[in-house]
Amino acid sequence: MLTRRPRTSRPGRGGRGQAALTGTLAVAGVLLLDAAPAVADEVRASQERVIKTLDLPAAWEVSRGAGVTVAVLDSGVDPGHRDLAGSVTVGEDFTEGANAPGVAPRRLHGTYMASLIAGHGHGPGGADGIIGVAPESEVLSVRVILEDEEPGFRTFNVDPRFEDVVARGIRYAVDQGADVINLSISKELASKADRAAVRYAIGKGVVLVAAAGNEGTRKVAGAAPYSYPAAFPGVVAVGAADAGLRRAAFSNGNASVLVAAPGVDIMGAGPGDEYWTGRGTSQATALVSGVAALVRAKYPKMSPPLVARALAAGAVDSPPTGYDTGTGFGVVNAARALAEAAKLAGHTEAAPAALAHDPDRPLGGGAAGPVKVVHRDERRVVLHAAIAVASAGGAVGSVAVILALVRRVRRAHNDQDA
């Protein structure tokens, strides 16, 4: 749920339904509007709980995200919002053609997510407005979904031209130099193109963070449905935590969830210098993307698996068993994640370029070719052959001795009977 808080006391624009859905692709949240005004200090004050939960003041002493680009694959980002101005590059629009010419994108959900990642506030010292987790990071806006009130929404859902827009967006973001990709979107069915794009990104050293989904109240075989791209191996799948840092009721609970982050009553920015509060795994995902950006800013060459490990190892409020399918390894803590990253910084899990897997080819499958002998040690072959021959000879000799003893015992037994 997302509730608009205008920057002035002018009346709001009425009610609003679900934010965006493209075919089976949806943003991980629901949007509603009201007319409750908010002034700048209200906005920053409303963020205090999240700032404290993520331990951001301590984390900012180590990293503020400088030099890192986070690609926000969403409905578009308003580059003119005062809390994001100067930090946003507007990239490719993969939805182009769905809306009629001249129809501007609404960019609501995307702006909201971008502000949670890279908002830098405004006014003296940036003390007013939204402060993101990584306020010195840059945002690359890549439009891959429409919001439901856009006139081309239905066309986008059914037109084959817009299939695999997420896969295309991921590849584009990687090629544009993104360090982290935020995917506050989800769908129930995975595609071959999506899977290949994820492998491509991870192979290029890009961290992908995705929403676990908001269908937690709908159970399939005892667990909430899996959502993609969050459920792909290598992607940091994020669940939403409530005010008590337990799984929010709407958040999907399944074995794909790695970590959680606050996802209820989260303040963010909207187009036109507006502010919003809302809930969803979308918001939680954006916060975790911001923490990943802090880690990559401090350790630019750290591989995606090690970034994911730092996020999980630094989590707080871990389940009693160490892991559960609701909040994963616990709620992300930025300061602790950076401390864990410092321990891992000297390690690598990246294969040399010559040994790296081609992301466009599936793993496994197909007939295995002949094993190529790289080196043949003739001396060892002769030695082991001799040992084998000697062992065989010893075995034959042992059998002969046993047979001779058996014959002797039988002969002695027959002599006694005679």
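Residues numbered from 1 in each chain as written. Predicted model: local features only at pLDDT ≥ 70, side-chain atom pairs only at ≥ 80, totals over all residues. Heavy atoms only, no water.

1. Observations regarding the pattern of salt bridges
Test applied: The salt bridge criterion pairs a side-chain nitrogen of Lys or Arg with a carboxyl oxygen of Asp or Glu, the two atoms within 4 Å. Buried residues are those whose accessible area, probed at 1.4 Å on protein chains only, stays under 20% of the maximum for their type, while exposed residues exceed 50% and partly exposed ones sit between those limits. Counting from the N terminus, the helices are DSSP H or I runs at least four residues long and the strands are E runs at least two residues long.
Tallied over the entire structure, the rule returns 9 salt bridges. In this structure, Glu150 and Arg143 form a salt bridge, with 2.7 Å as the shortest nitrogen-oxygen distance. Each of the two residues, Glu150 as well as Arg143, counts as buried. Residue Glu340 is joined to Lys343 by a salt bridge in which the shortest nitrogen-to-oxygen separation is 3.4 Å. In this pair, Glu340 and Lys343 are both assigned in helix 10 (residues 334-344), 3 residues apart and thus about one turn of the helix distant. A cluster of three or more residues bridged by salt bridges with shared partners is formed by Asp93, Arg143 and Glu150.

2. A look at the packing of helix 6 (residues 165-175) against helix 7 (residues 192-203)
Put simply, the rule is: Convention adopted: a line fitted to C-alpha atoms gives each axis, helices being fitted over their contacting stretch, and angles between N-to-C directions are expressed from 0 to 180 degrees. Any angle from 65 to 115 degrees is called roughly perpendicular, while one under 35 is roughly parallel, one over 145 is roughly antiparallel, and all others are oblique. Here a crossing is taken to be left-handed if its near helix is turned anticlockwise relative to the far helix by less than a right angle, and right-handed if that turn runs clockwise. Contacts are assigned to residue pairs that have any heavy atoms within 4.5 Å of one another. Under the grouping applied here, Gly and all other residues not named as nonpolar or charged are polar, the nonpolar ones being Ala, Val, Leu, Ile, Met, Phe, Trp, Tyr, Cys and Pro and the charged ones Asp, Glu, Lys and Arg.
At their nearest, the axes of helix 6 and helix 7 sit 8 Å apart, and the two run at 15° to each other. Taken together, the axes of helix 6 and helix 7 are roughly parallel relative to one another. Seen along the crossing, helix 6 lies across helix 7 with a hand that is left-handed. Residues Val166, Ala167, Ile170, Arg171, Val174 and Asp175 of helix 6 lie in contact with helix 7, whose contacting residues are Ala193, Asp194, Ala196, Ala197, Val198, Tyr200 and Ala201. Split by residue class, the contact of helix 6 with helix 7 holds 10 nonpolar, no polar and 3 charged.

3. Notes on helix 7
Each α-helix winds once per 3.6 residues, and so residues spaced three or four apart point in a common direction. Note the threshold: Expected helix span is given by 1.5 Å per residue-to-residue step, counting one fewer step than there are residues.
For helix 7, built from 12 residues, the straight-helix expectation of 16 Å at 1.5 Å per residue is met to within 8% by its first-to-last C-alpha distance of 16 Å. All of the buried residues in helix 7 are Asp194, Ala196, Ala197, Val198, Tyr200 and Ala201. Of the residues trailing helix 7, Gly205 is marked for its positive phi of about 85°.

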